[in-house]
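One letter stands for each residue in the lines below.
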Amino acid sequence: MRSRRYTATTRVVFDMDAIDVVKTNYVKELLLKNTREDLRQFMQFRKTSIVTGTMQNAEGSAQVDMGSTRVLCGIKMTVEEPMRDTPSQGNMMVSAELLPLASPDYETGPPSPDAIELARVVDRGIRAANSIDLKSLFIEEGKVWSVFIDLYVLNYDGNLFDACTLAAMAALMSAKVPAVVEGVANREDRSKPLKIDTVVTSTTFGKIGNSILLDLDRSEEKASEGRITIAIDDANIRAMQKGLRGGFTKEEVEKLMDVAFERRAELKRLLEQSAK
Amino acid sequence: MASENKPELVIDGKRTDGRNFNQMRPFTIKANVIKNAEGSCYVEWGNNKILAAVYGPKEVMPRHMMEPDRAIIKCRYAMAPFSSLSDHGRTGPNRRAIEISKVIREVFENVVMLREYPASEIDIFIEVLQGDGGTRAAGITAAAVALANAGIQMRDLPYAISVGRIGEHIAIDFNMIEDNFSDSDMPMAFAPRNNEILLLQMDGGLDRAQVSKAIQMAIDAGAEISKAQRDALKEVYSNNTSGV
Amino acid sequence: MKQIIVPGEMVSQSQARMDNTYVEGGKTYSKVMGLYDEEHKGIIPLEGPWKPRIDDAVIGIIAEEKNKVYEVDIGFFGRTLLIVGKFDRESYKVGDVIEATIKDVEDRKTIILTMARPLEGGTVLMVKPAKVPRVIGKANTMVRQISEAAKTMIIVGMNGMIWMRGGNVALATAAIKKIEAEAHISGLTERIKLMLEQNNKGN
C-alpha cells in the first residue's frame, strides 16, 4: 500500500523497484530453508473465498478473494449476429483489466500485454473445455447470445490467472439468461440459468531457483523466473500457458499436472458452494 | 434520447421508484476497502456501486508534467463494461468519461492542499462497477473519502449530488431513467464548509428561479451526505474494525 | 478526550496555532483526518504520507548511483540522496539496505541523508508512517518486546520501512502488522503481549 518511487537504474538492472530487490533476495533465502513468507506449503493455495451475484445489472457476477488478490467478474449477455462459420451457436469473449487502482505497479492506459495474455489464457481454458454450452445460446436464425466475460482486478497480490478463472467460472455458474421478446433481450425476466456443461479449474505455478510453488503472491512473483498455468476439467488438460523467461522440464510439467488434479477438488467445492 | 418511448416519470405525485421530489436514494459509504491503495472508499448509492481509490503523493510520470512547487492531480473515471442494465459496454473510458474525469479533477484541485506535496502527483481512480444515474456525483463523494482515508491534506471534504427538472418539478438525485428522460439535469459538487460550488454542469432548460431552487435543494441535502462521509471515516477507527 | 476529526471541520472559533490546521476568516479548521486532542490542543494525523524531519532515522534501499551520489528509495515521493563522505563506507550497490539519518530537507522535496551504514541480509517491511510511533512504543518498549519474543533483529525507520533479520520473522511481521491494523483499539499492548506469549509456548 505504498506508492513506490523507482529510478531508471533499478528498472534497467533488475526490472523492478529497489524494495522488490530486497524482497526477492529474502524470498529466495526463505526457500533455501523450505519456507514461504506466510508459512504456507509449497503447493498450498491461500485462503480463498467467492461471493456471487453482487452486480445485479450484470447477468452474472462473482468476486474472488485469493489471499489479498481480489478480482471481480461481470457477465453481460447481448443479442447479436452469430459468427459466419458458426451460425447456430452463440459467442463468448473474455477480457481483463488490470485496474490502476489495484496496484502501484499498474498504470492507466490501453490493456498491457499482461492483461491481454491473462484474458486469453482464461478464455482458452473455458472454451477448450466447452464449459458454456454455446449451442444453448442460439435464439433464432441470425440471432444468438454473445456472452461477455469481463475480469476486473481490484487488488493485486499475485496469481491473477487462478483468481480470474475461478471468478469467471463462479460468475458463469450463477449467471441467468434474459428472456427474448421480439428478438430483443428483456432483462426484466432473467430466470433461466446459463447452461454450463463443465467446470474448469486452474492452478498456476512459479519457479524460483530450484523451487516450484503454487499460488505465488506478489513478492514471490517478482522473484520468479518461470510460470506455468494449467487449466483442467475432470479428466483432461484443457489449456496451458508457460510465462516469463524461465523453462520447465518434462518431469516438472508431469508433476505439476498431477498437482493440478490434486487441487481440483477444493476449487470445485468452493465453486459449488458459491453457486448455491 | 427519442421522446416517442418516453416513460411516465411522475405517477400520482411520486417518482418512478416511489420517491418524493426532494428525496435522495438510500446510500452507504465504506472507507478503506482496497488494500494496496493509500486510501479508498466504496459507495452504494441507489443501485450505483462505485469504488474510489487514491495513490500518492508519488513521483510524477512523465517527468515533464511535474510542477516544482505543488502536486498535480490525475483523475480517472471509468465505467465497467458490465455496469449497465442494457447491453455490454466498451472497455476503457470514452469521451463522456474523459470529460467527467476532468471536471472531477478540478473539484479536488480546489480542496487538496497541493503545495504540501511539491513535485509530486496524486492519482484518483473512480470505477463505476454498476451504474444507475448520478455516478459522477457518487464518485466525487467517494473520492473525497478516499483522499481523507489516504491522509491527504484538504481544506474541506467535498460532496456531490445532482438535481434536475421533470416537468414543473425540481427533483434531487436522478436515477438512470430520470437521467435519460428528464427535461434538465444539473450535477453539482460543494465544499460544505461555506457551500462553495466546485462542480457545476447543466443541460436542458431551467429558468433562473429553478436554478436557484435546485442549488438550494442540493445544499440542503448536503448535511446528510457529509455526515455519512465522516461516519465512514470514523468507522475505520472504531473499536469494531481492524481495517482491510 | 480525543475525537476523530476530518478535513474542513472547525477546531476553534478563533485563530489557533496548531499543526495540521489552517485559518480562514479568523477561525481554525482541520486539514487532515486525525485525532483531535482537546486537552493538549493538537491534531494527530491518523494516516498520511510521512513528513521528513532533520535527524529522523530512516531505513532505505540504494536505487541508483552516479559519481558517489546515491539515490535512495525510502518511500518518499521526492528525491532522496546519500552523498558518501570520507568517513563513510566506500561504496554501495543497487539493492543494498541502509540505515541513515536525515541531514537536510530542501524545499520539502529533496532529502539529504548522512551517517549511513549497511544492513546485510534480512528483509524490509513497510508500514504506514503514521503508525511508526506505536510500533516503536514508549521508550522503545514495543519494538523491543517483539524483537525479544521473535529473536529477530528489528530496526524501525521513521519513514515506515522496517528492517528485520533472523529468528521468527513471520511472527515479528505478524505482530507489527497487527499493531498497524489495531493501533486505534485500546488494549493493544496487552493483545500483542498475548500474541507473542502464545507463539512462544508453541515452540
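Structure: above.
No experiment lies behind these values; they were computed from the predicted model shown.

Engineer: I would appreciate a short explanation of the overall build of chain A in the present structure.
Structural biologist: A tally of helices and strands in chain A yields six helices and 14 strands. Scaling as 2.2 N^0.38, a compact globule of 276 residues should have a C-alpha radius of gyration of about 19 Å, and chain A matches this with 20 Å. Per-residue burial over chain A gives 50% buried out of 276 residues. The contacts of chain A with a sequence gap of at least 6 include a subset with a gap of at least 24, amounting to 67%.

Engineer: Explanation requested: the interface of chain B and chain A in the structure shown.
Structural biologist: Note: interface size is frequently given as the accessible area lost on complex formation between the parts. Listed as interface residues are 26 residues of chain B and, on the opposing side, 29 residues of chain A. At the level of secondary structure, the elements contributing two or more residues to the side of chain B that touches chain A comprise β5 (48–59) and β7 (120–130) of chain B. If one sorts the elements of the side of chain B that touches chain A by residue count, β5 of chain B sits on top with six residues. Considered class by class, the residues forming the side of chain B that touches chain A number ten nonpolar, eight polar and eight charged.

Engineer: Would you explain the pairing of strand β13 (residues 153–156) of chain C in this entry?
Structural biologist: The side chains of a regular strand alternate between both faces of the sheet. Residues and elements named next belong to chain C. Side-chain alternation along β13 places Ile-154 and Val-156 on a buried face and Met-153 and Ile-155 on a face that remains uncovered. As defined by bridge partners, β13 adjoins strand β14 (residues 161–165) across four bridges and the pair is classed as antiparallel. Within β14, the position partnered with Val-156 by the bridge is Ile-162. Counted along the chain from β13 to the antiparallel partner β14, the turn is four residues long, and its residue Gly-160 has a positive phi close to 95°.

Engineer: Sorry if this is basic, but what is going on with the packing of helix α2 (residues 135–149) of chain B against helix α4 (residues 208–236) of chain B here?
Structural biologist: For any two helices packed against each other, the geometry comes down to the angle between their axes and how far apart the axes lie. Residues and elements named next belong to chain B. Orientation of α2 relative to α4, taken along the N-to-C sense of each, is 35°, at an axis distance of 10 Å. As for the relative orientation of α2 and α4, their crossing is right-handed in sense. Within the contact between the two elements, α2 uses Thr-141, Ala-144, Val-145, Ala-148 and Asn-149 and α4 uses Ile-225, Gln-229, Ala-232, Leu-233 and Val-236. Looking at the contact of α2 with α4 residue by residue, the class counts come to seven nonpolar, three polar and no charged.

Engineer: Explanation requested: the sheet that holds strand β8 (residues 69–73) of chain C in the structure shown.
Structural biologist: Strands in a sheet are paired, the pairing made by backbone hydrogen bonds, and the direction either parallel or antiparallel. Residues and elements named next belong to chain C. Spatially, β7-β8-β9-β11-β10 is the arrangement adopted by the five strands of the closed barrel, whose pairing is mixed. When strand polarity is set aside, the average angle formed by the axes of neighbouring strands in this sheet is 50°. Bridge analysis of strand β7 (residues 57–66) against strand β10 (residues 97–106) gives five bridges, and the strand direction is antiparallel. Directly across from Ile-59, in β10, lies its bridge partner Glu-99.

Engineer: How do you make sense of the nonpolar core when you look at a structure like this?
Structural biologist: Residue and element names in this part refer to chain A. Counting residues in hydrophobic clusters, the biggest one holds 208 residues, and the most contacted among them are Val-71, Leu-151, Ala-167 and Ala-168. At twelve residues, the largest contribution of residues to this core is made by helix α4 (residues 160–173). Those residues in contact with Val-71 that lie beyond four places of it in its chain are Val-64, Leu-151, Tyr-152, Val-153, Leu-154, Leu-160, Ala-163, Cys-164 and Ala-167.

Thresholds, definitions, all that
Residues numbered from 1 in each chain as written. Chains lettered and ligands numbered in written order. Predicted model: local features only at pLDDT ≥ 70, side-chain atom pairs only at ≥ 80, totals over all residues. Helix = DSSP H or I, 4+ residues; strand = E, 2+ residues; numbered from the N terminus. Rg over C-alpha atoms; globule rule 2.2 N^0.38 Å. Buried ≥ 20, exposed ≤ 12 C-beta atoms within 10 Å, placed from the backbone. Contact = placed C-beta atoms within 7 Å. Nonpolar A, V, L, I, M, F, W, Y, C, P; charged D, E, K, R; others polar. Pairing = 2+ DSSP bridges. Axes fitted to C-alpha atoms, helices over the stretch in contact; angles between N-to-C directions. Left-handed = near helix turned anticlockwise from the far one by under 90°. Core = buried A, V, L, I, M, F, W, Y, C linked by C-beta atoms within 7 Å.

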